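Close look at the chain arrangement
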Amino acid sequence: MAELNFLTSVHTSTQRDYVQRVVEHDKAECAEIAGQWGYDYWDGDRKYGFGGYTYDGRWRTVAEEIAAHYNLKSGDRILDIGCGKAFLLYEITQVVPGAEVAGIDISDYAIENSKEEVMPYLRSGNCTELPYESGEFDFVFSLNTFHNLHNYELKSAVKEMVRVGKGAAYICVESYRNEREKMNLLYWQLTCKCFHTPREWEWVTSQYGYQGDLGFIFFE
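Please read all numbers here as calculations on a predicted model, not as lab measurements.

Rules used throughout
- Residues numbered from 1 in each chain as written.
- Predicted model: local features only at pLDDT ≥ 70, side-chain atom pairs only at ≥ 80, totals over all residues.
- Heavy atoms only, no water.
- 1 Å grid on protein atoms, 1.4 Å probe; cavity = no way out; pocket = protein on both sides within 12 Å on 5 of 7 lines; lining within 4 Å.
- Points joined across faces, edges and corners; volume = space filled by probe spheres on them.
- Helix = DSSP H or I, 4+ residues; strand = E, 2+ residues; numbered from the N terminus.
- Nonpolar A, V, L, I, M, F, W, Y, C, P; charged D, E, K, R; others polar.
- Polar contact = N/O pair within 3.5 Å; in protein donor to acceptor, adjacent residues only side chain to side chain.
- Contact = heavy atoms within 4.5 Å.
- Expected span 1.5 Å × (residues − 1).

**Points about the layout of surface pockets**
Approximately 1200 Å³ is the volume attributed to the largest pocket. Taken together, 49 residues make up the lining of the largest pocket; nearest its centre are Tyr41, Trp42, Phe50, Leu143 and Asn144. Within the residue set of the lining of the largest pocket, elements represented by two or more residues are helix H1 (8-11), helix H4 (39-43), strand E1 (77-81), helix H6 (87-95), strand E2 (100-105) and strand E4 (137-143). Volume-wise, the second largest pocket comes out at about 150 Å³. Lining the second largest pocket we find His11, Thr12, Thr14, Gln15, Arg16, Tyr18, Phe218 and Glu220. When its residues are assigned to classes, the lining of the second largest pocket shows two nonpolar, four polar and two charged.

Quick look at the structure:
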């Protein structure tokens, strides 16, 4: 199990005022609305989430790094758990022509407003019960999804991810390494339910049979 942080460049490209996030609006109300995973979270006001999540090509570099590291090739079956609007999944199809992709997300809105080129390969659903066959995918990944689950849901989600894959796997979650990063995460997050250090995430996922790689988003 290696730590691989493919998302660092995308994450650090956004400036964040952590304290303002808490004092400017009713944070509890914003979190409740964000947790509905609808228009407000994706394309509404910034206080509810992304503040407008449109395709801008930022995920191309991430796709290139992932494809190179895992030696993805034509014919490989690739699953994105928590695909959102599937911008990264689309970029993977461009970087790895001939790859067979699939994506699943809890948000009906995200699927309905996803990148149209890959929309036919997406479906809405819960990662705790994946609608795929055992060993169906050569590479399975999940970015910024598992920290949105309750602790009691992690077992099913991780075991399902392990079940449907037959090769490499990658999970990226929000995490913290010190008290400052923990406080910033608490201030900034809207949907996070599991607050673990990298070592805790490694321990938790390994308990459920996960042997893939891990990546972390830190709020410095």
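**Things to note about the side chain of Lys27**
Along the chain, the position of Lys27 falls in helix H3 (residues 27-34). Reaching out from Lys27, the side chain makes a polar contact with the backbone oxygen of Leu186 at a distance of 3.3 Å. Residues within four places of Lys27 in sequence aside, it is in contact with Arg21, Val22, Leu186, Tyr187, Trp188, Gln189 and Leu190.

**Focus: helix H8 (residues 151-164)**
Along its 14 residues, H8 runs 21 Å from first to last C-alpha, staying within 8% of the 20 Å computed at 1.5 Å per residue. Buried residues along H8 sit in contact with E1, E4, strand E5 (165-174) and helix H10 (198-207).

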